[in-house]
Amino acid sequence: MFPLQRNRRLRTNESIRSLVRETSLSPQDFMLPMFVAEGKDVKVAIPSMPGIYRHSLDNTIKEVKEAWDLGIKAVNIYVKVSDNLKDNKGVEAWNKDGLMQQTIRAIKDAVPEMIVMPDVALDPYSIYGHDGIIENGQLINDATVDALTRMSLSHAEAGADFVAPSDMMDGRVLAIRKALEENGHHNVGIMSYSAKYASAFYGPFRDALDSAPVDSQNIPKDKKTYQMDYANRIEGIREALLDVEEGADIVMVKPGIAYLDIVREIKDTVHVPVAVYQVSGEYAMVKAAAERGWLDHDKIMIEQLYCIKRAGASIISTYFAKEAALLLNK
Ligand code: PBG
């Protein structure tokens, strides 16, 4: 019999395609990750991330204003502090006048409605390049959680809207939630990096912050004892469920494109917004191929962002945020 269903009817032209489109993409879906450096009028290019810079605070504020004008409502903040401020315990991480705390205050002052989400992990402050404290060649969990809790409180005191623990220690969301409540920060949220995989896609980020694990005897060479094994799916769901139970307001999956099965499954399992981090290596791959003329940069960028949304992301943290917003606003 002649087909009753001709699916191509709904693809006939852009008007009907736009009417039946299941997913939409707009600048308010994005968070912009930003690297902040010490000094004044500093703008250092990151070779493996064309178009992304380490900015001093003054330039960071300009960037934040630009992002806001493009319709971006949130920024993720990462800082690069000088080596003399690093130790094993990350003491600088909760300095109330540290670079992160100053940055939070300055952004909230300049653009009060911008949601500021500082990264919570010790790696920018660690002489070993690890997200926590090392003892006898091991990353120790509970002492690290104490440090992350102090760090989160200092971010809240500086005016952060959310804290974003990216360290993957056990129990940190509960400890941070408790400390925030006990100190009157009821409205400071937690976006937890819940299913964060030990991934080679983070390479360019570690260039940006000079934060790769050091190559030294008795120091773990990678982050596999805390970040997840990329072969695992069920474990990612368990992490997200646990973080929600512990008080996370938003759970995150990271990296993005290669992990969209995890995004969909977590989206179907938890009842909080799911964020996805399209990480530095994903950005670098698109830039590199486009520079060679092998891929159409803008089309690939928009397609990937749509696919991340389709998989279940409510929010996408992406280095493409400004470029994509500019294109979508046209
Ligand atoms: C550190 C942190 C990393 C990223 C975000 N927070 C690196 C790591 O875990 O080693 C990676 C982000 C990116 O690659 O864009 N806690």
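Residues numbered from 1 in each chain as written. Predicted model: local features only at pLDDT ≥ 70, side-chain atom pairs only at ≥ 80, totals over all residues. Heavy atoms only, no water.

Worth spelling out the cut-off: UniProt positions are given in the numbering used here, feature names are shortened, and annotations may be inferred rather than shown by experiment.
An unreviewed UniProt entry annotates the protein as Delta-aminolevulinic acid dehydratase of Flavobacterium bizetiae. Quoted verbatim from the Catalytic activity (unreviewed entry) field of the UniProt record, the comment on the protein reads "2 5-aminolevulinate = porphobilinogen + 2 H2O + H(+)". Quoted verbatim from the Sequence similarities (unreviewed entry) field of the UniProt record, the comment on the protein reads "Belongs to the ALAD family."

**Notes on the site of the ligand**
Filter applied, for reference: The rule for a residue being near a molecule or strand is that one of its heavy atoms must lie within 4 Å of it. Think of a polar contact as two N or O atoms within 3.5 Å of one another; within protein, one of them needs to be a possible hydrogen donor and the other a possible acceptor, and neighboring residues in sequence only count if both atoms come from side chains. In the scheme used here, Gly and all other residues not listed as nonpolar or charged are polar, with Ala, Val, Leu, Ile, Met, Phe, Trp, Tyr, Cys and Pro taken as nonpolar and Asp, Glu, Lys and Arg as charged.
Near the ligand you find 18 residues, and of these R206, K223, K254, S280 and Y319 are the closest. Between the ligand and D131, the relevant distance is 3.0 Å, taken from a nitrogen atom to a side-chain nitrogen or oxygen of the residue. Interatomic distance of 2.8 Å between a side-chain N/O atom of Q227 and an oxygen atom of the ligand. When the residues that make up the shell around the ligand are grouped by side-chain class, the tally is 8 nonpolar, 3 polar and 7 charged.

**A closer look at the packing of aromatic side chains**
This is how it is decided: Classification of ring pairs rests on two measures: the distance between centres of Phe, Tyr or Trp rings, Trp counted by its six-membered ring, which must be within 6.5 Å, and the angle between planes, read as stacked under 30 degrees, edge-to-face over 60 and tilted in between. Think of it this way: any DSSP run of H or I at least four residues long counts as a helix, any run of E at least two long counts as a strand, and we number them from the N terminus. Buried, partly exposed and exposed residues are distinguished by accessible area as a fraction of the type maximum, computed with a 1.4 Å probe on protein chains only: under 20%, between the cut-offs, and over 50%, respectively.
A full pass over the atoms with the stated rule returns 10 aromatic pairs. With a centroid separation of 5.1 Å and 90 degrees between ring planes, the pair formed by Y78 and F205 is classed as edge-to-face. You can see Y78 sitting in strand 4 (residues 74–80) and its partner F205 sitting in helix 6 (residues 203–209), a full 127 residues away along the chain. Pair check on accessibility: Y78 and F205 agree, each one buried.

**A short note on empty space enclosed by the protein**
What counts here: Whether a set of points on the 1 Å grid over the protein atoms alone is a cavity depends on a 1.4 Å probe fitting there but being unable to get out, while an open set qualifies as a pocket with protein on both sides within 12 Å along at least five of seven lines; lining residues are those with an atom within 4 Å of a point. Grid points are joined across faces, edges and corners, and a volume is the space filled by probe spheres set on the points.
Taken as a whole, this structure holds 1 cavity of 30 Å³ or more when the rule is applied. When its volume is computed, the largest cavity comes out at roughly 150 Å³. What lines the largest cavity is a set of 17 residues, and nearest its centre among them are D123, K196, Y202, F205 and K254. Looking at the lining of the largest cavity, its residues break down into 6 nonpolar, 4 polar and 7 charged.

**Considerations on the side chain of S317**
Applied cut-off: Contacts were defined at the residue level, with two residues in contact if any of their heavy atoms lie within 4.5 Å.
Among the structural elements, S317 can be located in strand 12 (residues 315–318). Look at S317 and you get buried, because its relative accessible area is 0%. Side chain to side chain, S317 and N76 meet in a polar contact 2.6 Å long. Each residue touching S317, except ones within four places of it in the same chain, is listed here: M31, P33, N76, M252, V276, Y277 and Q278.

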